[in-house]
Amino acid sequence: MQVEIEEQKTKVKGELIKEYEHFYLIQLPKYRTTISKSDIFCGLAKINFLH
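Residues numbered from 1 in each chain as written. Predicted model: local features only at pLDDT ≥ 70, side-chain atom pairs only at ≥ 80, totals over all residues. Heavy atoms only, no water.

Asker: Looking at this model, I keep getting lost on the side chain of Lys 37. Mind explaining?
Answerer: Tracing the sequence through the fold places Lys 37 in helix 1 (residues 37-42). Using a relative accessible area of 14% as the deciding quantity, one classes Lys 37 as buried. There is a polar contact of 2.7 Å between the side chain of Lys 37 and the side chain of Glu 19. (Helix = DSSP H or I, 4+ residues; strand = E, 2+ residues; numbered from the N terminus. Buried < 20%, exposed > 50% of the residue type's maximum accessible area, 1.4 Å probe, protein only. Polar contact = N/O pair within 3.5 Å; in protein donor to acceptor, adjacent residues only side chain to side chain.)

Have a look at this one:
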């Protein structure tokens, strides 16, 4: 599933690889990264699920 991540005024599109209990694993164009669910809940990061 395609996602768009926004952290600190930077937007990046990637592919959701797997959802874990406390974070999402996302494949970006050149590397993989994780986004903590607590960061999303606190408003430090935003994630949009694209169809």
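Asker: Quick question: what am I supposed to make of the nonpolar core here?
Answerer: Generally speaking, a soluble globular protein has its nonpolar side chains buried in company with each other. The biggest cluster of nonpolar side chains holds nine residues, and these are Val 3, Ile 5, Leu 16, Tyr 24, Ile 26, Leu 28, Ile 35, Ala 45 and Ile 47. Elements that contribute at least two residues to this core include exactly strand 1 (2-7), strand 3 (23-27) and strand 5 (45-50). (Core = buried A, V, L, I, M, F, W, Y, C linked by side-chain atoms within 4.5 Å.)

Asker: How do you make sense of the sheet that holds strand 5 when you look at a structure like this?
Answerer: Sheet strands pair by backbone hydrogen bonding; their relative direction is either parallel or antiparallel. Reading across from one edge, 4-3-2-1-5 is the order of the five strands in this open sheet, with antiparallel pairing throughout. Only two strands of the sheet have a single neighbouring strand rather than two, namely strand 4 (32-36) and strand 5. Going from strand to strand, the sheet's axes swing by 40° on average, the running direction of each strand aside. Pairing analysis gives five bridges linking strand 3 to strand 4, with the strands arranged antiparallel. Looking at strand 4, one finds that Gln 27 is bridged to Arg 32. (Pairing = 2+ DSSP bridges. Axes fitted to C-alpha atoms, helices over the stretch in contact; angles between N-to-C directions.)

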